[in-house]
Every structure is written in C-alpha cells, then in structure tokens.
Amino acid sequence: MEHAQTAELTAALERLVRLFVRKLNPPSELSLGALAAMVTLERSGPCRLTELAQREGVTQPAMTQLVSRLQAEGLVARETDPSDGRVVQVSITDAGRAALARRRAARNERLADLLDRLSPAEQAALTAAIPAIEALIRLAEEPATVPSSVLSGAAR
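The model shown is predicted, which means the values in this text are computed figures rather than measured ones. (Residues numbered from 1 in each chain as written. Predicted model: local features only at pLDDT ≥ 70, side-chain atom pairs only at ≥ 80, totals over all residues. Heavy atoms only, no water.)

This brings us to the pattern of salt bridges. Summed over all chains, the structure comprises five salt bridges. A salt bridge links D81 to R48; the nearest nitrogen and oxygen atoms lie 3.8 Å apart. Placement of D81 in strand β2 (residues 76–81) and of R48 in strand β1 (residues 47–48) is noted, with a sequence separation of 33 residues between them. Of the charged contacts, one joins E51 and R55 as a salt bridge, the two residues approaching to 2.4 Å between their closest N and O atoms. (Salt bridge = Lys/Arg side-chain N within 4 Å of Asp/Glu carboxyl O. Helix = DSSP H or I, 4+ residues; strand = E, 2+ residues; numbered from the N terminus.)

Pasting the structure below:
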C-alpha cells in the first residue's frame, strides 16, 4: 500500500476508534482501561495478574489497583491458581459479563441507527471490509509483527 493510502487509512481508523469510544459507547463510570481488562478476561479466561498487566500494557501495580476496584464492584474475582496455590488468578464475574453485554447492546443499537442512514452500497462496502479488518487485527496481535515501540506503549 502506498504511503498516502496508509496515512489516509490511519486517519480514518483513528476517527473510527474515536466514534466507538466517544459516540457509540454509553457513559460509564468504568475507565477504558477497566473495560479493556474485563474484555481481555472475558475472551481469554482467568489469568495471572502479571499476565493481565502485560496484555493491557500497564504496570503490575497499576493493574493491581484496577483489579482491586473492579473486585470491589463485583465485576472481577481473584482466585487461587489451581496449579500453584501461591499464585492468584483474576477472572471476570457474571456481573462483569452482564455489564459488558449491556455496553455492547447499547453500542450495537447506536451503530445500527447510523448504519441505517447509510446507502446500501456503503453498507455493503463496510460488510465487505470485515474480513480485511479481522486479518489486520490478527496481524497486530502477533507480537513479532508489531514494533516494540507500539507494544511498550511508547507510540500512544
């Protein structure tokens, strides 16, 4: 892809992310970091706190504080690792799953309203782009393909 096309795509994707973060998501008392950690736990299952911090690109002390707040709200739980009693794993609770489901439902409804206002051709173009978007996400999730400056958060 040419540099100009890459820059244009980058700008469009940045605006799309802002659309999801600022316009489509319902207001919440949970930070984006808290929501991201809950989504990670929902998708990956229970994991060690250190692993969760690494996946989310934050320090272990910051994740410890976040998990403590989420645990106090009943959204995550800490459990002893069955294979090593000295280790604590974090998991999402049913209340945490329900909170994410409510946010997704509200976001889906808001997005559906916008999509209904697009032409059939625009709707088809977005649908056709789904496989490419999924492929891009898979590539970005492979640590070897993402520059270390991005993984460490330096590019944020």
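Ranked by size, the top nonpolar core spans 21 residues in total, and within it M38, L52, M63 and L70 carry the most contacts. Only α2 (32–44), α3 (49–56), α4 (60–72), β3 (84–92) and α5 (94–116) provide two or more residues apiece to this core. The dominant element in this core, judged by the number of residues it contributes, is α2, at six residues. Setting aside its immediate chain neighbours within four residues, M63 contacts A37, L49, L52, A53, E56 and V58. (Core = buried A, V, L, I, M, F, W, Y, C linked by side-chain atoms within 4.5 Å. Buried < 20%, exposed > 50% of the residue type's maximum accessible area, 1.4 Å probe, protein only. Contact = heavy atoms within 4.5 Å.)

What follows is about helix α6 (residues 120–140). The terminal C-alpha atoms of α6, which comprises 21 residues, lie 30 Å apart, in line with the 30 Å expected from a rise of 1.5 Å per residue. Taking the largest bend as the criterion, α6 deviates by roughly 35°, centred on I130, and proline P131 comes between one and four positions later. (Expected span 1.5 Å × (residues − 1). Bend = angle between axes of the 7 residues up to and from the residue.)

The sheet built from three strands is open, its strands ordered β1-β3-β2 with antiparallel pairing. Looking along the sheet, the strands with just one partner apiece sit at the ends: β1 and β2. Sheet topology note: the β1/β3 ladder contains two bridges and is antiparallel. Residue pairing across strands places R48 opposite Q89, the latter belonging to β3. Together, β1, β2 and β3 form the strand contacts of α2, whose direction differs from that of β3 by roughly 110°. (Pairing = 2+ DSSP bridges. Axes fitted to C-alpha atoms, helices over the stretch in contact; angles between N-to-C directions.)

The residue R103 is located in helix α5 in this model. A polar contact is formed between the side chain of R103 and the side chain of N25, at a distance of 3.4 Å. Beyond its immediate sequence surroundings of up to four residues, R103 is in contact with N25, P26, P27, S28 and L35. (Polar contact = N/O pair within 3.5 Å; in protein donor to acceptor, adjacent residues only side chain to side chain.)

Take the side chain of S91 next. One can find S91 in strand β3. A distance of 3.3 Å separates the side chain of S91 from the side chain of E79, its partner in a polar contact. In contact with S91, not counting residues within four places along its chain, are L41, P46, V76, A77 and E79.

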